[in-house]
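# Examination of the molecular architecture
Listed below, chain by chain, are the residues.
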Amino acid sequence: MRIESVTAVAFGPFRGVTLELSPQLTIVYGPNEAGKSSWHDAVYVSLCGMRRARGQLAEDRDFSKLRRPWGGDTWEVRAVLRLDNGRRIELRQDLSDLAHCSAIDADLGRDVAAEILNEGTPDAARWLGLDRRSFLAVACVRQAEIQSLVEDADSLQDDLQRAAASAARDATASEAIARLEGFQREQVGQDLRNSTKPLRRARVRAEEAAAAVASAREKHAEWLGLEAQARQLAEKADDWDCKLRALRALHARQEAESWTAKLARARVLAPVYAEGQPTLAPDNIKLADEAAAALSLWASRPELPLLTGPSAADIRAEIQKLPPMPSGDQAPRAEVLGAMKAYEQAALAVRLHQTQRPPGAAVPDAKGLTPDQLRELARDLEAAVPQVDSGLEIAHREARHRHGQIRSLRLQRSIIVGASTTAALLGGVALWALWNHRVGAALALAGIVALICVAVRSRGKSREQAVRASLKMEAQLLAQQGAREDAESRVNAARGRLVQAGLPVNSIDLRNLADELLRTHSRRRLQDEWSMYDDKLQLELAGAGETLAQFLRDVGADNAGDLMAAFQAYEQACRSRADQAKASAKRDSLTQQLLDREAAEKAAVDAQTRRADAGHNIMTALADCGLDAPDPGMASEALQRWHGQWKERLVKFDEAARGYAELVALLDGGTLGDLEARTSEYQSQAEELAVASGPPPEEAADGDLDQRGDLDQRGDLDQRGDLDQRIRATEKTASDAHLAAGSAADRARDRAQHIPSAVEAEEALTSAQQERERVARLKRTLDLTLDFLRKAEERVHRDIAPHLAAGLRRWLPSVTRHRYSDARVDPRDLSVQVLGPDNEWRDARQLSHGTAEQIYLLLRVALAERLATTGETCPLILDDVLVQSDLGRKRALLEAVLSISGDRQVILFTQEDEVLRWAQTHLTTPNRSVVLQAPHHGAGMHA
């Protein structure tokens, strides 16, 4: 398939513009905003059109928003293409009304749209065995979307399998897998929480039935358990009643034993304190308190601090000598520094740009001829002049001599015919000599034929053979002479034109002159670009200087002269103010130091005062106690000895006071006889409760009742408190036990009325398990079938993978400058691995962005070759695919594209000058061309 032309009737920025395309390689060059991407999309949509179906896709909406015409309601593109079998097709894609799209056989005028209908509109990719989506993924590379091929890997699976199997269009493993997976989704589904498909429903039903059976059994078991629990709780409540009676008897006995112990202690203490409560003299207590206070103050007296360094007066003097805090900037402002840096960078850019001024270029005088015209004249000069065969001339003269010896015996009849034929012959010779060689030769040849006919009729077979031989040599001689004269005429015309123009009559000089013209144009373009950029840099320098001057004026710097000197003066002033501020900043530190020194001097005075007060208090307290000492130190030792003796007397008094207090507590305001009467009452009560409680239960006998032995041995009052707590806890436990027993009996009776039927639940469980097993068997069958199909799909991938790798391997070494020598492709996701110089396989997507784009561009070429399964060659439409390549790889890719264009049509849109220069050098045949696209969106022009 070859695209001959594309017409943008109304598309994006174009209206009524036609792009002519060469059958092998066309490079469309233009700067930004020249409409290259619009032409790229126009070529694609003129072939494949847009889908005509309900619900517009997001990608169609985006395309419509981007490529609709800038004015008017018409949106239409047309294309003329030639199929490999010679058919010429005219495609019309009316994008504003998809119902009016058409495909017409240009030679027969027949409608052929039915052959390529796809989603309601003509799609020429059908002739390749593809569709508009797979054609876009494989052969139509949009700008910066080379690696997006990986994202369309799933949509290409059917095309890959058909290419590998060469089978019918609907007989691919991936389609069978998709259908089975769809059936499995609807008739089986997945065992997920939110699924509503049969597998999940069957499992949920079986689980619910099993849960119902388990619930029925569980409820029956719960009822039996409740009955047993009610009996156990009733027995336990009776046991707690027995324990409570035993604990109460034990509590009464402990009380009786406690009162007996109190009575015995009171009988011991009563004779000791027969005279009453012991007393202590109040004066001694006051002296003891005074002595303790004096000793405490003496022990806590502070040490005298050692003061070093300058005094407070010295620090005040130093503060008064400090300079004041300056006003103004102490460091250059950030905006001034930024403006200065921008000014320096602008000045540096101007100086560097001046060093790169291109040399001047004088235009050679080509007398108004273009490079193409000069090359055409050079080719005319080099045209070879064929020579006439001398042997043929000799043979022709001999044949004419033999023919002249033959005379006709029938002169009368020959005279009439001979006159006419002789006139024809003479007229032909005259025309050959004076006007047109070919017409004259034809007329002369007709006369000769007539003469021969006369001769044949006159002389018979021998004369006929002689005439035929003469005629053949005459025709050959005339043809050679005509070819020589045509070549000489072409060379002479070229020489005459060159001499007239005053140009050298030499093909090499003409070609050199044409090359020099092209180079001069290139140098002049570089000069213009340099001048424009120099003007821009000068403006930037002036702007940066004005900005810096304004900032310097804002900070009060004098910038009337040199900006650099003004900035340096400003920097020096900032440094001076910073030094002054640094000296002034010591004021806060010295002020704090003064405060600390004053506080230290005050603390020293306070310590001296407190030490004097402590010594005075020691001496006073010692004198009050009736003692004497020469100094506070010895006085403190004597006062400590006196205070120790007082503490010993105080301990003895405390012991006597505690004994008297114990006797008072035991009698509790009564007499010893009252205590004896209360003890007798508690003993009688304990004996009555012991008889009423009966034999204690086993747990109380082993635990609680053993506390009696402890009381007998220790008389521990805390045990009675613990026993009281146990009695209260036992009372509560016994009450709770009776309540729990009654509640358990009620629950058992209620549960007996709500027990479900276990038989019905088990029958429902059997039915649900059978349904779950049926769906599970279907799932296993489908999983096994899908496993077989996926293995078949894997075999297809293995079949086509070597072909794709071979297509990559053909160009990979030269394009990557022999850094990567081998490749392998996974058709499932179109991921590519390449073999690096370290013999390690690496994922192409993990390489540099430029290398990855080069590899996936070659993969698209391989896919275009393999996926076109109908015998048609798939064209390649590329938009700025070389921008990520360095100069070496760019030239290698261009060489590869040039070679590829020998097998299929390649259309390359580019904005790179290097590509344009390469194309002007290498695209010299009629089947390859360069189209220069103007920035004003005009029509393309061949160069």
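Residues numbered from 1 in each chain as written. Predicted model: local features only at pLDDT ≥ 70, side-chain atom pairs only at ≥ 80, totals over all residues. Heavy atoms only, no water.

## What about the overall build of the chain?
The criterion, for reference: The secondary structure listing takes helices from DSSP runs of H or I that are at least 4 residues long and strands from runs of E that are at least 2 residues long, numbered from the N terminus. Throughout, a residue-residue contact means that at least one pair of heavy atoms, one from each residue, lies within 4.5 Å.
From N to C terminus, the chain includes 26 helices and 16 strands. Of the contacts formed within the chain by residues at least 6 apart in sequence, a portion of 72% connects residues at least 24 apart.

## Here's the deal with unusual backbone geometry
Of note, the phi angle at Glu119 is positive, near 55°, even though the residue is not glycine. Residue placement: Glu119 occurs in the loop between strand E7 (117-118) and strand E8 (121-122). At Asn839, a residue that is not glycine, the phi angle is positive and equals roughly 60°. With respect to the helices, strands and loops of the structure, Asn839 is situated in the loop between strand E11 (831-835) and strand E12 (841-843).

## Quick word on the pairing of strand E2 (residues 14-20)
How we decide: By this definition, two strands are paired if DSSP reports at least two bridges between them.
In this sheet, E2 lies alongside strand E1 (residues 2-11) in antiparallel orientation, the contact comprising six bridges. Residue pairing for E2: Val6 is matched across the bridge by Leu19. Where E1 folds back onto E2 in an antiparallel hairpin, the turn is made up of two residues, including Gly12, whose phi is positive at roughly 55°.

## Some thoughts on the packing of helix H6 (residues 198-269) against helix H19 (residues 672-693)
Applicable threshold: Inter-axis angles, ranging from 0 to 180 degrees, are taken between N-to-C directions of lines fitted to C-alpha atoms, where helices are fitted over the stretch in contact. Roughly parallel covers angles under 35 degrees, roughly antiparallel covers those over 145, roughly perpendicular covers 65 to 115, and oblique covers all other angles. Put simply, a crossing is left-handed when the front helix is turned counterclockwise from the back one by less than a right angle, and right-handed when it is turned clockwise. Under the scheme applied, nonpolar residues are Ala, Val, Leu, Ile, Met, Phe, Trp, Tyr, Cys and Pro; charged residues are Asp, Glu, Lys and Arg; polar residues are all the others, including Gly.
It is the contact of H6 with H19, at a shortest axis distance of 8 Å, that shows an interaxial angle of 160°. What the angle tells us is that H6 and H19 run roughly antiparallel. Relative to H19, the crossing made by H6 is left-handed. Tallied by class, the residues present in the contact of H6 with H19 amount to 13 nonpolar, four polar and eight charged.

## A word on the state of the cysteines
For clarity, the cut-off: Any two cysteine sulfur atoms within 2.5 Å of one another count as a disulfide.
Under the defined criterion, the tally for this structure stands at zero disulfides. This cysteine, Cys874, is not joined by any disulfide, and Cys48 carries the nearest cysteine sulfur, 9.1 Å off.

## Some words on the sheet that holds strand E4 (residues 76-82)
Ordered by their spatial adjacency, five strands build an open sheet running E2-E1-E4-E5-E6, and the pairing between neighbours is antiparallel. Two strands lie at the open edges of the sheet, namely E2 and strand E6 (102-105), each paired on one side alone. Averaged over all pairs of adjacent strands, the angle between their axes in this sheet comes to 10°, without regard to strand direction. Summarising the sheet, E4 and strand E5 (residues 88-94) pair through seven bridges and their orientation is antiparallel. Bridged to Val77 within E5 is Gln93. Running at roughly 110° to E1, helix H1 (residues 36-48) makes contact with E1, E2, E4 and E5 of the sheet.

## Concerning H1
Our working rule: Working rule for helices: expected span equals 1.5 Å times residues minus one. A 1.4 Å probe rolled over the protein chains alone gives each residue an accessible area, and that area as a share of the maximum for its type sets the label: buried under 20%, exposed over 50%, partly exposed in between.
Across its 13 residues, H1 extends 19 Å between first and last C-alpha, which sits within 8% of the 18 Å expected from 1.5 Å per residue. All of the buried residues in H1 are Lys36, Ser38, Trp39, His40, Asp41, Ala42, Val43, Tyr44, Val45, Ser46, Leu47 and Cys48. At the exit of H1 stands Gly49, carrying a positive phi of roughly 65°.

## Quick notes on the side chain of Thr910
Its location among the elements puts Thr910 in strand E14 (residues 906-910). Excluding its chain neighbours within four sequence positions, the residues that come into contact with Thr910 are Ile27, Val28, Tyr29, Gly30, Lys36, Asp880 and Val915.

## Some details on the sheet that holds E11
The strand order E10-E11-E12 describes an open sheet built from three strands, whose pairing is antiparallel. Either end of the sheet is taken by a strand with one partner, and the two such strands are strand E10 (822-826) and E12. Between one strand axis and the next, the sheet turns by 25° as a mean value, whatever way the strands run. Bridge count between E10 and E11: five bridges; the pairing is antiparallel. Following the sheet pairing, Arg824 is matched in E11 by Gln833. This element, helix H24 (residues 849-867), spans E10 and E11 of the sheet and lies at about 115° to E11.

## What to know about the side chain of Ser5
Its location among the elements puts Ser5 in strand E1. Filtering out sequence-adjacent residues up to four positions away, Ser5 remains in contact with Thr18, Leu19, Glu20, Arg78, Ala79 and Val80.

## Remarks on the confidence of the model for the chain
The cut-off we apply is this: Think of pLDDT as the predictor's per-residue confidence, scored from 0 to 100.
Averaged over all residues, the pLDDT of the chain is 77; the fraction at 70 or higher stands at 81%. The least confident element of the chain, judged by mean pLDDT, is strand E16 (residues 941-942) at 38; the most confident is E4 at 95. Of the regions scoring below 50 in pLDDT, residues 407-411 engages in six contacts with residues more than four places distant in sequence or in other chains. Long-range and interchain partners of residues 697-717, a stretch whose pLDDT sits below 50, account for 31 contacts in this model, where long-range means more than four residues apart.

## Description of the packing of helix H17 (residues 586-624) against helix H18 (residues 632-667)
Two quantities define a packed helix pair, namely the angle between the helix axes and the distance between the axes. Where H17 meets H18, the closest approach of the two axes is 9 Å, and the angle between their N-to-C directions is 50°. Judged by the inter-axis angle, H17 sits oblique to H18. Considering the relative orientation of H17 and H18, their crossing is left-handed. Taking contact as the criterion, the partners of Gly615, Ile618, Met619, Ala621 and Leu622 in H17 are, on H18, Pro632, Ala635, Ser636, Ala638 and Leu639. Partitioned by chemical class, the residues of the contact of H17 with H18 number eight nonpolar, two polar and no charged.

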